[in-house]
Amino acid sequence: MMHYSDYLQLDKILGAQEPESDRQGQPAHDEMLFIVIHQAYELWFRQLLFETGSVIAILGRPTLNDNSPELQTIVHRLSRCATILKVLVHQIDIMETMTPMDFLDFRDTLRPASGFQSWQFKLLEAKLGLKYEHRYGQEYYLSQLRQPEIDRIRSAEKEPSLLQLLNSWLERMPFPPAEMAGPFWEDYRRRYQESLNDAEKGNLAYYDSILGGAASPADRSLSPAGCRAAVFIMLYRGYPLLQLPFQMLHQLLEIDEQLSTWRFRHMSMVHRMIGTRTGTGGSTGKGYLGAALERHHLFREIAALTSFLIERRRLPPLNPEMERRLGFSAH
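Description of the structure in this document.

This brings us to the layout of surface pockets. Within this model, the second largest pocket holds a volume of roughly 200 Å³. Surrounding the second largest pocket, Gly 129, Leu 130, His 134, Leu 163, Asp 219, Ser 221, Arg 295, His 297, Leu 298, Arg 300 and Glu 301 form its lining. Looking at the lining of the second largest pocket, its residues break down into three nonpolar, four polar and four charged.

Printed below as a string of structure tokens:
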């Protein structure tokens, strides 16, 4: 018969907190809190990797039936990831019950250990879609990791990321259908241009560079075709067939927002705890975290597409056949 403690392997988990200050004969009360919170972070990173791995596996299939449980599963698991990230943000509230002097009681015993050495978090970023060339601190982001950890991250960087697989899925989106795509986007571009005020006239060139081409610039993850599909989903999300695709995009933006919130709260906490001193791992502390916050927006290309939306009253009307196809009709 299975016992609760055995199932959860509590002996291992509850025996894994060994404050270094105790070992050195200078007990620091708050080190236990510091260890537990960071162990909890790593457990949640483990779950986030598990959830995103399953989403990547589904999106990586040759075909994905948008009128099936598969898309619902993706949306549900992405929503779970966003909720987990909210918990990570709130854990900082607990961490901030520790004062700077409490932290100084054991800080030097940590060196050179640092959250910068969290290989799971770097792996998660790579799997979600953060490219090496977009990383801040490329020259040392792997420098403090062990070789097996580096190998895992490098391997993930070579595999299709969630963002790349999302683009492939968007490119397969059959709306608007090929026979009406050209006229639809010509009409939409005209309506978009008419919606711009004088201060926004420059947006039209931006629109053409993102939505108008045939090939994706080297520094972008979403192709023009993928961007057009995403914009169409955002514009006509009220139709049943586009509700789940819209929720998928929405949850990705929620994940990005929660990651950014976590980075900001982490940066603010570090500044509160150590001011302008360097991190235990040798980074610039608040400076490094601030630069990463600015550059590591995983789904900024999706967020930027809201620049190309227009009011509902200006939308091109869809013909009856299109409305039927977007309404889950069986006929």
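Having seen the structure, we can now continue with the description.
All right, on to unusual backbone geometry then. Here the bond from Phe 175 into Pro 176 is cis, since omega is -10 degrees, no more than 30 degrees from zero. By the secondary structure assignment, Pro 176 is in the loop between α10 (162-171) and α11 (178-195). Even without glycine at this site, Gln 9 takes up a positive phi of about 50 degrees. For Gln 9, a relative accessible area of 41% puts it in the partly exposed group.

This structure, assessed with the given rule, holds 19 salt bridges. Residue Arg 314 is joined to Glu 311 by a salt bridge in which the shortest nitrogen-to-oxygen separation is 3.0 Å. Notably, a salt bridge pairs Arg 324 with Glu 321, separated by 2.9 Å at the nearest N-O pair. Placement of both Arg 324 and Glu 321 in helix α17 (residues 320-325) is noted, with a separation of three residues, approximately one turn of the helix. Relative accessible area serves as the criterion here: at 32%, Arg 324 is assigned to the partly exposed category. Given the relative accessible area of 41%, Glu 321 is considered partly exposed. Look at the salt bridges and you will find they share partners, linking Asp 93, Glu 96, Arg 265 and Arg 272 into a network.

Parameters at a glance
Residues numbered from 1 in each chain as written. Predicted model: local features only at pLDDT ≥ 70, side-chain atom pairs only at ≥ 80, totals over all residues. Heavy atoms only, no water. 1 Å grid on protein atoms, 1.4 Å probe; cavity = no way out; pocket = protein on both sides within 12 Å on 5 of 7 lines; lining within 4 Å. Points joined across faces, edges and corners; volume = space filled by probe spheres on them. Nonpolar A, V, L, I, M, F, W, Y, C, P; charged D, E, K, R; others polar. Helix = DSSP H or I, 4+ residues; strand = E, 2+ residues; numbered from the N terminus. Buried < 20%, exposed > 50% of the residue type's maximum accessible area, 1.4 Å probe, protein only. Salt bridge = Lys/Arg side-chain N within 4 Å of Asp/Glu carboxyl O.

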